[in-house]
Amino acid sequence: MLTDKHIDIIKSTIPLLENAGSAMTAHFYQRLFAHNPELQDIFNMSNQHTGRQQVALFEAIAAYAKNIENLSVLTTAVERIAQKHTSFNIQADHYAIVGHHLIETLRELATEAFTTEVEEAWTQAYQFLATIFINRESDLYQQRAAEIGGWKGARAFKVIDKVIESELVKSFIFAPVDQQAVIGFTPGQYLGLEVHPTGNDYKEIRQYSLSDKANGKSYRISVKREQLGVPGKVSNYLHDEVNVGDEVQLYAPAGDFFFVDRQTPTVLISAGVGITPMQGMLETLADNNHNQPVHFLHACEGSEQHSFSQRTSELINNNNWQQNIWYRNEEAEQAHISNGMMDFASVDLPTEKGNFYLCGPIGFMQFAKQQLLKLGVGESNIHYEVFGPHATL
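Residues numbered from 1 in each chain as written. Predicted model: local features only at pLDDT ≥ 70, side-chain atom pairs only at ≥ 80, totals over all residues. Heavy atoms only, no water.

Asker: So what exactly am I meant to see when it comes to the environment of I97 here?
Answerer: Structurally, I97 can be placed in helix α7 (residues 92–110). Residue classification places I97 among the partly exposed residues on the basis of a relative accessible area of 22%. (Helix = DSSP H or I, 4+ residues; strand = E, 2+ residues; numbered from the N terminus. Buried < 20%, exposed > 50% of the residue type's maximum accessible area, 1.4 Å probe, protein only.)

Asker: Hey, could you run me through the nonpolar core in this one?
Answerer: In globular proteins that are soluble, nonpolar side chains generally tend to be buried together. In terms of nonpolar packing, the biggest core is built from 43 residues, with L17, F43, Y64 and W122 touching the most fellow members. Of all the secondary-structure elements, those providing two or more residues to this core are α1 (4–12), α2 (14–20), α3 (22–35), α5 (52–66), α6 (75–87), α7 and α8 (116–146). Top element by residues in this core is α8. It accounts for ten residues. Among the nonpolar cores identified, the runner-up in size contains 23 residues, and V223, L238, V242 and V248 belong to it. (Core = buried A, V, L, I, M, F, W, Y, C linked by side-chain atoms within 4.5 Å.)

Asker: Quick question: what am I supposed to make of empty space enclosed by the protein here?
Answerer: Evaluation of the coordinates by the stated rule reveals one cavity of 30 Å³ or more. A volume near 70 Å³ is recorded for the largest cavity. If you go around the largest cavity, the residues you meet are T86, S87, N89, Y141, R144, W151, K152, G153, Y251 and A252. Among the elements of the structure, α6, α8 and β6 (247–254) are those that each provide at least two residues to the lining of the largest cavity. Within the lining of the largest cavity, the residues separate by chemical class into four nonpolar, four polar and two charged. (1 Å grid on protein atoms, 1.4 Å probe; cavity = no way out; pocket = protein on both sides within 12 Å on 5 of 7 lines; lining within 4 Å. Points joined across faces, edges and corners; volume = space filled by probe spheres on them. Nonpolar A, V, L, I, M, F, W, Y, C, P; charged D, E, K, R; others polar.)

Asker: What am I meant to see in the layout of surface pockets here?
Answerer: To find leftover empty space, a probe the size of one water molecule is rolled over the atoms. Of the voids in this model, the second largest pocket is the one considered here, and its volume is about 210 Å³. The wall of the second largest pocket is formed by 15 residues, among which Q83, R144, E147, Q189 and P253 lie closest to the centre. Only α6 and α8 provide two or more residues apiece to the lining of the second largest pocket. The element contributing the most residues to the lining of the second largest pocket is α8, with four residues. When the residues that make up the lining of the second largest pocket are grouped by side-chain class, the tally is five nonpolar, six polar and four charged.

Asker: What's the story with the packing of α1 against α8 in this structure? I'm lost.
Answerer: Helix-helix packing is described using two parameters, namely the angle between the two axes and the distance between the axes. Packing of α1 against α8 leaves a shortest axis separation of 9 Å and a crossing angle of 105°. Taken together, the axis directions place α1 and α8 in an arrangement best described as roughly perpendicular. Facing K5, H6, I9 and I10 of α1, the residues of α8 in contact are E117, V118, E120, A121, W122, Q124 and A125. Residue composition of the contact of α1 with α8, by class: six nonpolar, two polar and three charged. (Axes fitted to C-alpha atoms, helices over the stretch in contact; angles between N-to-C directions. Parallel < 35°, antiparallel > 145°, perpendicular 65-115°, else oblique. Contact = heavy atoms within 4.5 Å.)

Asker: For this particular structure, what's the right way to read the pattern of salt bridges?
Answerer: The full count for this structure, using the stated rule, is 16 salt bridges. A salt bridge links R107 to E104; the shortest N-O distance between them is 3.0 Å. One end of the pair, R107, and the other, E104, are both in helix α7, three residues apart, so they sit about a helical turn from each other. Residue class for E104 comes out buried when judged on its relative accessible area of 17%. (Salt bridge = Lys/Arg side-chain N within 4 Å of Asp/Glu carboxyl O.)

Asker: Can you walk me through the pairing of strand β7 (residues 266–271) in this structure?
Answerer: Two faces make up the sheet, and in a regular strand the side chains alternate between them. Where burial is concerned, most of β7 is hidden: six out of the six residues are buried. Here β7 shows no split at all, with T266, L268 and S270 on one side and V267, I269 and A271 on the other all buried. Where β7 and strand β8 (residues 294–300) come together, six bridges link them in parallel fashion. Bridge pairing in β8 links A271 to A299. (Pairing = 2+ DSSP bridges.)

Written out as structure tokens, the structure is:
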């Protein structure tokens, strides 16, 4: 049981956490994988190499410690993490393993400061938070399994189509091997996909946005081949080796970023492969005969990397919506396409009443959010999705 004394002790260790920084979480992950290498079947090891996962975990631990007396402020973060965990099929047993290595990491790094009282306080605090996640994730698993077409855990799907969308993006359409119905989803959500790339020691799980409307029969994701920095192990495997007729394992749709019909104008803002959840939103809004204005803004390198360009224009024109496109490295003749970087000043946006959805590289979204705030858009009207470990804009 978490007591007032435990809370006071946790708060007293905040300077210790801040001084340790992401070095603490780097040590934690090294320890975790050394003692439990099987967890590499679950964790995205590419994020370990970039350091993004360590930063995300440190920020989560620090936020928990700072808000331990008022956890309601963490409700959004808890929901986002719980949704992501279900796409990895995280189970209650995993929390015990993680908790053990977290406490041992504190013991090994804090040394003299890690007294018996500190250990007890952090053990109780971790168990308290773990219980919140375990209960929420259990609810999500049960809800999805109970719905028509729903399931729990991994389910076998077959690739029924593979489509080139642009120079770097290919779409994969999956239908269940059992030929039964599939659960619906809200546009903006993602699928958990599990594969075992050739020559890889462990399985790999990734999350990819659903890029089409729900149809009860199949799913579509659209994957960018990641080439810069550390080449994307899974994206390149999908592009080069996964073909029509091959099987993959999928986890039920999840995610806390999705379109909500607030009966206000909607603005969809994306860059690069961030277009994928926006495409799902456009397809769904068109299918539902959405009765509010929609404005679609997208930026990419040029026409060769502009995914869904023809389909997007069809949807925009058929529904009398608006679109503005920016090609960074290419001139274009069409009136709605400009050269250079995305420029909100050149577009008439519903800044007072609109709801704005952002997806793309973190730097792009940080720029977009700041520009929207300067234009008078309320922060509560700006919604965004970060691919990979979460980051605050």
